[in-house]
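A look at the structure
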Amino acid sequence: MTLTKRIIPCLDVKNGRVVKGLNFESIKDAGDPVELAEKYSNEGADELVFLDITASDEQRKTIKDLVRKVASVIDIPFTVGGGVKSLEDARNILLNGADKVGINTGAIKNPKVITELMELFGRQCVVVAVDAKRNYNIDETKNIFNEDGKQFWFEVFIYGGKEGTGIDVIDWIKESENLGAGEILLTSIDKDGTKDGYDVLLTKSVVDSVSIPVIASGGCGKPEDMVDIFKESNVDAALAASIFHYETHGVNGVKSYLKDREIPVRL
């Protein structure tokens, strides 16, 4: 039996509001997180991702009360990330209604926390979020790619895409899997908010290097972009924000479009 592909709306939350930006910058308001979560759940979203996008940068915890309110209005799996550094942070998120914990900056700073989370909560609860960006300063120790006659490697960024780490994305994702990650949430900073399609090269390279599920994120502007990423890579799920938040496409409409193009989805 073919596994169905998951369609996942994303709520990037800042100061209690859902926001959307371009390449992780120029943020604008997109609505109330509880209202949007309920709407997407009712429309047939397979899962929901909630990212408190300034928590790590502002050195604070994810907003628990908001997580609880969102959890109370949905009946689909719910991943929450932002500011998670420890088992206690993760426990707070799960106790307030999340099904999975997303960890990004905290995992880079302390990789063994991935294993600790896996051992305590189970691998299926641990989502390692990776923000990736092309780096054209060639370093032969990295995984080098060629595109349009240019060479580059993919660098991991932390603190909401503000700080480069010098770490190679492919190497880090393999390490994350070995440490106990159950899933990878892969966001292309280069494509974020551009609405001109997912980063196929990045996504395919990551999917081909690990055996755990990968969620593609960054760049979706229309249903065709989801068709492309599912046909061009064996990615498990496509995450999107702009196309859902601004009423350009409903979740069910997108799924019907995918099904008509022979992408296996759950209607």
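Reading guide: rules and limits
- Residues numbered from 1 in each chain as written.
- Predicted model: local features only at pLDDT ≥ 70, side-chain atom pairs only at ≥ 80, totals over all residues.
- Heavy atoms only, no water.
- Helix = DSSP H or I, 4+ residues; strand = E, 2+ residues; numbered from the N terminus.
- Rg over C-alpha atoms; globule rule 2.2 N^0.38 Å.
- Buried < 20%, exposed > 50% of the residue type's maximum accessible area, 1.4 Å probe, protein only.
- Lys, Arg positive; Asp, Glu negative; His and termini not counted.
- Charge placed at Lys NZ, Arg CZ, Asp CG, Glu CD.
- Contact = heavy atoms within 4.5 Å.
- Axes fitted to C-alpha atoms, helices over the stretch in contact; angles between N-to-C directions.
- Left-handed = near helix turned anticlockwise from the far one by under 90°.
- UniProt positions renumbered as here; feature names shortened; annotations may be inferred.
- Polar contact = N/O pair within 3.5 Å; in protein donor to acceptor, adjacent residues only side chain to side chain.
- Pairing = 2+ DSSP bridges.
- Right-handed = clockwise from strand over helix to strand, strands pointing away.
- Salt bridge = Lys/Arg side-chain N within 4 Å of Asp/Glu carboxyl O.

For the protein, the count of helices and strands is 10 helices and 13 strands. Since a compact globule built from 267 residues should have a radius of gyration of about 18 Å, the 17 Å found for the protein is in line with a globular shape. Referenced to the eigenvectors of the C-alpha coordinate spread, the extents of the protein come out at roughly 50 × 45 × 40 Å. By residue count, 55% of the 267 residues in the protein fall in the buried class. One finds the centroid of the 33 positive side-chain charges in the protein at a distance of 2 Å from the centroid of its 44 negative side-chain charges.

Here the focus is the environment of Gly 166. Relative to the helices and strands, Gly 166 is located in strand E10 (residues 163–168). The class for Gly 166 is partly exposed, based on a relative accessible area of 31%. Apart from the residues within four sequence positions on either side, Gly 166 is in contact with Lys 142, Trp 153 and Glu 155.

Right, let's talk about helix H8 (residues 223–232) for a bit. Buried within H8 we find Pro 223, Asp 225, Met 226, Val 227, Ile 229 and Phe 230. On its buried side, H8 packs onto strand E1 (6–14), helix H7 (200–207), strand E12 (214–217), strand E13 (237–240), helix H9 (242–245) and helix H10 (251–260).

With respect to the helices and strands, the residue Pro 9 is situated in strand E1. For the pair Pro 9 and Ala 238, spaced 229 residues apart in the sequence, the C-alpha separation amounts to 8.5 Å. Filtering out sequence-adjacent residues up to four positions away, Pro 9 remains in contact with Tyr 40, Ala 45, Glu 47, Leu 48, Val 49, Ala 240, Phe 244 and Val 251.

Here the focus is the packing of helix H6 (residues 169–179) against H7. Axis angle and axis distance: for two packed helices, these are the angle between their axes and the distance between the axes, and together they describe the pair. Close contact between H6 and H7 brings their axes to 10 Å; oriented N to C, the two are set at 35 degrees. As for how H6 packs across H7, the hand of that crossing is right-handed. On the side of H6, the interface is formed by Val 169, Ile 170 and Ile 173, while H7 contributes Leu 202, Ser 205 and Val 206.

Turning to the UniProt feature "active site" (unreviewed entry) in the protein, a few remarks are in order. Using the residue numbers shown here, the UniProt feature "active site" (unreviewed entry) corresponds to Asp 12 and Asp 131. Over a stretch of 120 residues, the named residues converge on one spot in the fold, their C-alpha atoms separated by at most 13.8 Å. Structurally, Asp 12 is set in strand E1. By the secondary structure assignment, Asp 131 is in strand E7 (residues 126–135). A distance of 3.1 Å separates polar atoms of two side chains, one belonging to Asp 131 and the other to Asn 104.

Burial along strand E6 (residues 100–103) is two-sided: the face carrying Lys 100 and Gly 102 and the face carrying Val 101 and Ile 103 are both buried. Direction of pairing for strand E5 (residues 78–81) relative to E6: parallel, over a ladder of three bridges. From the neighbouring strand, Val 80 faces E6, where its bridge partner is Val 101. Since E5 and E6 lie parallel, the crossover through helix H3 (residues 87–95) that links them has a hand, and here it is right-handed. Sheet topology note: the E6/E7 ladder contains three bridges and is parallel. Its bridge partner being in E7, Val 101 is matched across the sheet by Val 126.

So, on to the pattern of salt bridges. With the rule as written, the count across this model stands at 15 salt bridges. Put simply, Asp 65 and Arg 68 hold a salt bridge, and the shortest N to O gap is 3.5 Å. Placement of the pair is Asp 65 and Arg 68 together in helix H2 (residues 64–72), with a separation of three residues, close to one helical turn. A relative accessible area of 48% places Asp 65 in the partly exposed class. Residue Lys 204 is joined to Asp 208 by a salt bridge in which the shortest nitrogen-to-oxygen separation is 2.8 Å. A relative accessible area of 53% places Asp 208 in the exposed class. When salt bridges that share partners are traced, they join Arg 6, Glu 47, Lys 100 and Glu 183 into one network.

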